[in-house]
Amino acid sequence: MIRPVLRTSIRFKPSTIIPTSSSKLFLSSTSPKIQPHLNISRRSMSTKEPETITKKQQEKLISSIHDKLSTSLPTKFYFNSQSDKIKLLYKPNDFYQSLLQNIILAKERVFLTSLYLGKHEDEIIKTLDTALMKNPNLKVHFLLDGLRSTREFPHESSIMLISTLISKHGSDRIQFRLYRTPSFHGWKSHLIPKRFNEGLGLQHMKFYGFDNDKIILTGANLSDDYFTNRQDRYWYFQNSELNNYYFQIMELIGSLSYKVEMNTNLPSLIWPGNNVTTDPLKNRSKFLQDSSIILNKFLHEKRTGDDTVKNWDTVIFPISQFTPLFKHSVDKSTELPTILSLFEMMKNFNTTHKTNINWTFTAGYFNMFPAIRKAILDSNCTDANVITASSKANGFYQSKGVSKHLPEAYMHLSYKFLKQVAKSHSNVSIKEWENGVYNKPNGWSYHAKGIWFYFGNTQEKYTPFLTILGSSNYTKRSYSLDLESNIVILTINQELQKELNNELNHLLQHTSKITLEDFKEDPERNVKPGIKIATKLLGRRL
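Residues numbered from 1 in each chain as written. Predicted model: local features only at pLDDT ≥ 70, side-chain atom pairs only at ≥ 80, totals over all residues. Heavy atoms only, no water.

S.K.: Residue-level account of the pattern of salt bridges, with values.
M.R.: Per the counting criterion, the structure on display carries 15 salt bridges. Across the salt bridge formed by Glu-261 and Lys-259, the nearest N and O atoms sit 3.5 Å from each other. Residue classification places Glu-261 among the partly exposed residues on the basis of a relative accessible area of 26%. Given the relative accessible area of 13%, Lys-259 is considered buried. A salt bridge links Arg-477 to Asp-482, with the shortest nitrogen-to-oxygen separation between them at 2.7 Å. Look at Arg-477 and you get buried, because its relative accessible area is 11%. (Salt bridge = Lys/Arg side-chain N within 4 Å of Asp/Glu carboxyl O. Buried < 20%, exposed > 50% of the residue type's maximum accessible area, 1.4 Å probe, protein only.)

Structure follows, in C-alpha cells:
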C-alpha cells in the first residue's frame, strides 16, 4: 500500500498540541480557514421562514436540554473558561504527535483503549519504553480487542508487539487486557476462522489517557492510517474527573477480560482470579448475569464532576453502549437512548418553539440503526446533512478478500436511504466525503463519526451547541455486537461553538451532494445483485 503521507518523527509543539497553563481555553492556531459549507435553506415544501431566536433564548433552550439529559444521565462533568482545558485537533498527524508527547511526559500512568495497536507501531512502543525507563513509577495499561489483536498470532500482531514491553518491564508495570465478546464460545470459538470471528463482536472504544488529568477522545485506532491519511475526530481534554472516569471504564471492562502474561517466550491469555466474574467460556450465563449488574450500577450511578463550579459554560455527558455484556432484554446502555432522546427533543423544539434547529450526522460506515434512521427522517428540520465516505474514501476500498465488496454495500445502503428521504419528504441531504482515492498517492480514507446540532437560518448563520463524538458508527452492530463509548458536549461557550463550527466545515470541505439521479446516471454506482443480497443478509454485522 502506498503511504502518501509520511509520519514525522516525534516533534514536540506544546503551543499547538497541548494547552499549557498559560494558554487560553480553546487554542485555534491549527484551525483551518474554511468558508462555511452549510447552506441553511428552506425546501419547496416549507411555507414560512423560521424566526431567528435570540442568544438568550438559545441559552434557555440549552439549559433545558441540560436538565432533560441530567434526568437519565447522572454522570456529567462541568467546564468553564477559567478552569479546564478543551482542545480540538484537526489532522491525523496532530493526533499522533499528541499521543507521543503525552506518553513521554507521563509520570504515573498511561492508559490506551483501542480496537487494536498496529503491528508495525514500533515508535509508540519505543516511546513507551523510554517513558518507562525514565519514570520508575509509571505504569502502562492497554485494553484492546482479543480477536482483532490476535488475528496474526503468533506472527506480527498487537499482542506480540506489546509483549516486548511485558518481557522487559514486567506484567506489574504493563497491564495488558484483551476483551473477547461472550458470543465467542462453544462451536463459534472453534469453527469460525480468524478475521471472520470478529463479526461476533469487538471492543470498539477509543480513548487515550495520560496521568490523572489528560485524555484524548476519538474514533481513531492506533495504527498507521489513523496517523497519516485517515480522517477522524480528535478532542483533547485536561480534566482530572473525566480522565478518572474513563480509567474506571477501562478497569471495569478489563476486569471482564483476559490478562496477557508471558509464558516462556510467548504471550498467553489467563483469566485472573481477581476478575469480577467467571470466565465466559466456562459459564457464560453467570458471566452475563454478573456483568449486567456491575455495568448497570456503573452507568447509572452518580459520578458527577464538580457541580459546584459556578458560571459553567460547557458540560460533558459520557454515554456508552455495552449491549453484549447485558443479559438479553435488560440492556441498560446509555448511548442509543440518549441519541434518540436528543432527536426527539430537537423535533419538539422545532415544532413548538420554531427554533430552526438543524443537524449534521456522519459515520464512515453508512448503515444506520433503524431507530436512528427513523428519528432522522422524522426530525422536522429545515436543512440537515448526512456525511458518509464515498466508495473511494472507504477504508476497505480495493482491499483483499471479501472485504473489498464492503464499499459497494455501503453505497447501496446510501441509495436505499435516499429513497426513504424522498418518500418521507424530509429535508435531509447526503454528502459524500472524498479526498483523492484511498490506496493511491495523496489519497485519504474517511473514518469520522458524530452528530452536531446547531441553530441555523437562511442567512447561512449557524451555531453548533451540541455534539456527540467517540467510537460509535451508529450502526446495527454498534447497538448489538460491539462495545462503544462516546460523549455529549453541550456548550454555550462561543469560542467552543466556533471550534465546533470549524471542525464541521473542515469535514464538509471535501464533500459533494449526491442524489437519486447520480445512481441512475453513474455506472460506478450500479451495485451487483449479489452485493445487495449479501447486504440484506449480513446487515447486522456491517
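S.K.: Any details on the packing of helix α4 (residues 122-134) against helix α5 (residues 158-169)? Residues and values, ideally.
M.R.: For any two helices packed against each other, the geometry is given by the interaxial angle and the distance between the axes. Close contact between α4 and α5 brings their axes to 10 Å; oriented N to C, the two are set at 20°. Viewed along their axes, α4 and α5 adopt a mutual orientation that is roughly parallel. With respect to the hand of their crossing, α4 and α5 are arranged in right-handed fashion. Across the interface between the two elements, Asp-122, Ile-125, Leu-128, Asp-129, Leu-132 and Met-133 from α4 touch Leu-161, Ile-162, Thr-164, Leu-165, Lys-168 and His-169 from α5. (Axes fitted to C-alpha atoms, helices over the stretch in contact; angles between N-to-C directions. Helix = DSSP H or I, 4+ residues; strand = E, 2+ residues; numbered from the N terminus. Parallel < 35°, antiparallel > 145°, perpendicular 65-115°, else oblique. Left-handed = near helix turned anticlockwise from the far one by under 90°. Contact = heavy atoms within 4.5 Å.)

S.K.: Before we move on, can you summarise the sheet that holds strand β6 (residues 207-210) with the specific residues and values?
M.R.: If you trace the 9 strands from one edge of the open sheet to the other, you get β2-β9-β7-β6-β3-β4-β5-β10-β11, paired in mixed fashion. The sheet terminates laterally at β2 (85-89) and β11 (266-270), the two strands that pair on one side only. Averaged over all adjacent pairs, the angle separating strand axes in this sheet is 20°, with direction ignored. As defined by bridge partners, β2 adjoins strand β9 (residues 234-238) across 5 bridges and the pair is classed as antiparallel. By the bridge assignment for β9, Lys-87 is matched with Tyr-236. Strands β3 (109-113), β4 (139-145) and β5 (174-179) of the sheet are contacted by α4, whose axis makes an angle of about 150° with β4. Its contacts with the sheet put α5 on β4, β5, β10 (258-263) and β11, and the angle it makes with β5 is roughly 155°. (Pairing = 2+ DSSP bridges.)

S.K.: Lay out empty space enclosed by the protein in plain terms, naming residues and giving numbers.
M.R.: Applying the stated criterion across every chain, the model contains 4 cavities of 30 Å³ or more. Lining the largest cavity, in full, are Gly-364, Phe-366, Thr-388, Ala-389, Ser-390, Ser-391, Asn-394, Pro-407, Tyr-410, Met-411, Ser-414 and Glu-432. For the lining of the largest cavity, the elements supplying multiple residues, two or more each, are β14 (384-389) and α12 (406-424). (1 Å grid on protein atoms, 1.4 Å probe; cavity = no way out; pocket = protein on both sides within 12 Å on 5 of 7 lines; lining within 4 Å. Points joined across faces, edges and corners; volume = space filled by probe spheres on them.)

S.K.: Tell me about helix α9 (residues 284-300), and please be specific about residues and values.
M.R.: With 17 residues, α9 should reach 24 Å at 1.5 Å per residue; the first-to-last C-alpha distance of 24 Å fits that figure. The set of residues buried in α9 consists of Phe-287, Leu-288, Asp-290, Ser-291, Ser-292, Leu-295, Phe-298 and Leu-299. Next to the buried residues of α9 lie α8 (240-254) and β12 (314-321). (Expected span 1.5 Å × (residues − 1).)

S.K.: Lay out a positive patch on the surface in plain terms, naming residues and giving numbers.
M.R.: Together, Lys-416, Lys-419, Lys-532 and Lys-536 make up a positively charged patch on the protein surface. Put simply, the parts of the chain that give the positive patch at least two residues each are α12 and α15 (529-538). Looking at where Lys-416 falls in the secondary structure, it is placed in helix α12. Here Lys-416 falls in the partly exposed class, since its relative accessible area comes to 44%. (Patch = residues over 30% accessible without salt bridge, like charges linked within 9 Å, V, L, I, M, F, W, Y side chains within 5 Å. Areas by Shrake-Rupley, 256 points an atom, 1.4 Å probe, with all protein chains shown as cover. Lys, Arg positive; Asp, Glu negative; His and termini not counted. Charge placed at Lys NZ, Arg CZ, Asp CG, Glu CD.)

S.K.: Please set out the pairing of β10 residue by residue, giving values where relevant.
M.R.: Note: β5 against β10, 2 bridges, orientation antiparallel. Looking across to β10, one finds that Leu-178 is bridged to Tyr-258. Across 5 bridges, the pairing between β10 and β11 is antiparallel. Each bridged residue has a counterpart across the sheet, and for Val-260 the counterpart in β11 is Leu-269. In sequence, β10 turns back onto β11 through a hairpin of 2 residues, with Thr-264 there showing a positive phi of about 55°.

S.K.: Outline unusual backbone geometry, supporting the account with residue identities and numerical values.
M.R.: Cis geometry is found at the peptide bond from Phe-153 to Pro-154, where omega equals 10°. Relative to the helices and strands, Pro-154 resides in the loop between β4 and α5. Backbone geometry places Ser-329, a non-glycine residue, at a positive phi of 75°. The residue Ser-329 is located in the loop between β12 and α10 (335-353) in this model.

S.K.: Kindly report on the sheet that holds strand β13 (residues 357-363), identifying the contributing residues and their values.
M.R.: An order of β1-β12-β19-β18-β17-β13-β14-β15-β20 is seen for the 9 strands of this open sheet, with the pairing classed as mixed. Of all the strands in the sheet, just β1 (77-79) and β20 (511-514) have a single pairing partner and so form its edges. With strand direction ignored, the average angle separating the axes of adjacent strands in the sheet is 25°. In this sheet, β20 lies alongside strand β15 (residues 428-433) in antiparallel orientation, the contact comprising 4 bridges. Paired with Trp-433 across the strands is Thr-511, a residue of β20.

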